[in-house]
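Spelled out, the chains give:
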Amino acid sequence: MQKIFLLVLFWGSILPALAQRKTITEAEVGRIVKTLSSDEMQGRLTFTPGIAKASAFIQAEFKKAGLQPLPGLNSYEQAFTMYKVEPISATVQLAGASVPADNIIISAAAEEVNWSNTGVSAPEIVQIGATDNFRQVAGSLISAPKNRLVLVNPAHADIFKRYKNYLEQSEMKTEKSEFATVFVLTDQTNLSSYTVSARNKISEQKLNNVVGYLPGKSKKEEYVVFSGHYDHLGFTKPVIGDSIANGADDDASGITAVIALARHFKKQKNNERSLIFVAFTAEEIGGYGSQYFSKQLDPAKVVAMFNIEMIGKISQFGENAGFITGFERSDFGKIVQQNLAGTNFRFEPDPYVKENLFYRSDNATLARLGVPAHSLSTDKIDSDALYHSVDDEFESLNIPNMTNIIRAIAKAATSIIAGKDTPTRIAPETRN
Ligand SMILES: [Zn+2]
């Protein structure tokens, strides 16, 4: 009797650690992250040939791992369309006087905007006063489907100019729409008359997440998501002749974890819940990949999301340790800690609360929908000189430690994928 009891204990405690060592190896982790962050991938900027190469590579890895496409899809590609908006012309007259082009911003997904105070489709007139928070008000205005003419107090001249540059270089919309928001830098607040006319070029741009699926043995309709983002910044300002932002840590490391975990769990064959492995696109330009993903399934069925962001360097807690963003928002972190109790692995609450990391990655979209969706990271974000630079390269990563972090995540997830633990939902009042 005792012997059997001991045997059970032995298998229960040591076997998972052995399993993770065997299926998640330094050689494979190194190979995958090195490929994803090679110059050939050209920094994986969304809408470029570089990211297409990365997508093909991840799909081949998912295939090798033996994943299925997500139900409803016939490949690992979860493709969608966005619309690039390029302004051709814009003129605004306020009370009979022409506004200089520098003082006009048009945010629209329509080819034409024609408004006047006597016209049929008169916009709502909104003011951003000298003491208002421009960024906040402007952000909420452009995301609402409505025609608006926004009079911006000249106190915001500097940020107005930066916002104009930003939108005109890279404005992307998820849908075509007839609505527009027109910002005018002016000290006028009471408009007797106005006209607005603008033309834009709208072009369709394709992009895709890469998604793999491992059906659960008994709880098929309950999903656990493992994710990272595979896009990065592409070419940036050259430093000593190098202009490729390789994004080895951000976030080739997270995608490497997703692939390694897929292979591990496929071999384990013991997941009661269904597992979804996702490489998100377009995180760096606005989180569009995770936004699209979140609309393709019922968030209520997502039991937990392990979003993995920058695990390539040793954390401020030392080796084999990392942190979880939004730790206090659900008991996901506590479950992770219980699963790691008695091991060398450790995940602590996010020590960089001021950095607002919980809302700076793809977990935020699902968290806002109530999913216990957290990011796991090892990055010393407050002092990481390589972050978003051309020096975020393979050579700066610590592969042995990164491999251990991935093993730790595999172990951390055991009771959740087994259907034994279900993290509490993110409460609506803690949503941002
Ligand atoms: Zn990132």
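Just above, that's the structure.
Residues numbered from 1 in each chain as written. Predicted model: local features only at pLDDT ≥ 70, side-chain atom pairs only at ≥ 80, totals over all residues. Heavy atoms only, no water.

(A) Structural view of helix α2 (residues 26-36). Burial in α2 covers these residues: Val 29, Gly 30, Ile 32, Val 33 and Leu 36. Where α2 is buried, its residues touch α3 (49-65), α6 (248-268) and α10 (399-412). (Buried < 20%, exposed > 50% of the residue type's maximum accessible area, 1.4 Å probe, protein only. Helix = DSSP H or I, 4+ residues; strand = E, 2+ residues; numbered from the N terminus. Contact = heavy atoms within 4.5 Å.)

(B) How the structure looks around empty space enclosed by the protein. On inspection of all chains with the given rule, the structure shows two cavities of 30 Å³ or more. Taken as a whole, the largest cavity spans an internal volume of roughly 50 Å³. Taken together, Thr 23, Ile 24, Thr 25, Glu 28, Val 29, Ile 32, Ala 260 and Arg 263 form the lining of the largest cavity. Sorting elements by how many residues they give to the lining of the largest cavity places α2 first, with three residues. Across the lining of the largest cavity, the residue classes break down as four nonpolar, two polar and two charged. Quantified by volume, the second largest cavity comes out at close to 40 Å³. Around the second largest cavity sit Val 85, Pro 87, Ile 106, Leu 167, Glu 168, Glu 171 and Asn 200, which together line it. Of all the secondary structure elements, the ones that give two or more residues to the lining of the second largest cavity are β1 (77-94) and α5 (157-170). Class assignment for the residues of the lining of the second largest cavity results in four nonpolar, one polar and two charged. (1 Å grid on protein atoms, 1.4 Å probe; cavity = no way out; pocket = protein on both sides within 12 Å on 5 of 7 lines; lining within 4 Å. Points joined across faces, edges and corners; volume = space filled by probe spheres on them. Nonpolar A, V, L, I, M, F, W, Y, C, P; charged D, E, K, R; others polar.)

(C) Inspection of the coordination of the zinc ion at higher detail. Coordination of the zinc ion by the protein involves His 229 (NE2), Asp 250 (OD), Glu 309 (OE) and Glu 309 (OE), with metal-donor separations of 2.0 to 2.6 Å. Its four donor atoms give the zinc ion angles of 53 to 155° at the centre, a pattern that matches the irregular case. Mapped onto the sequence, the donors of the zinc ion take the spacing H-x20-D-x58-E. Of this pair, Asp 250 sits in helix α6 while Glu 309 sits in the loop between β14 (302-308) and β15 (321-324), and the two are 59 residues apart along the sequence. You'll find Asp 250 and Glu 309 in the same group, each marked buried. (Donors = N, O, S within 2.8 Å, 3.2 Å for Na, K, Ca; no water. Tetrahedral: all angles 85-135°; square planar, octahedral: opposite > 155°, others 65-115°.)

(D) Just the environment of Tyr 223, in detail. Summarising the element assignment, Tyr 223 is placed in strand β10 (residues 219-229). Distance from Tyr 223 to Ala 304, taken between C-alpha atoms, is 7.2 Å for residues 81 residues apart in sequence. With residues up to four places along the chain from it excluded, the contact list for Tyr 223 reads Tyr 213, Ser 274, Ile 276, Leu 297, Lys 301, Val 302, Val 303 and Ala 304.

(E) Broad picture of the packing of aromatic side chains. For the structure shown, the criterion picks out 13 aromatic pairs. Taken together, a centroid distance of 6.0 Å and an interplanar angle of 90° make the contact between Tyr 163 and Phe 183 edge-to-face. Remark: Phe 183 occurs in strand β8 (residues 180-185) and Tyr 163 occurs in helix α5; sequence separation between them is 20 residues. An identical accessibility class is assigned to Tyr 163 and Phe 183; each is buried. Arranged with centres 5.4 Å apart and planes meeting at 75°, the rings of Phe 323 and Tyr 352 form a pair that is edge-to-face. Of this pair, Phe 323 sits in strand β15 while Tyr 352 sits in the loop between β16 (346-349) and α9 (363-368), placing them 29 residues apart in sequence. What makes Phe 323 buried here is its relative accessible area of 2%. Through successive ring pairs, a cluster of aromatic residues spans Phe 226, Phe 265, Phe 277, Phe 306 and Phe 332. (Phe/Tyr/Trp six-rings, centres within 6.5 Å; stacked < 30°, edge-to-face > 60°.)

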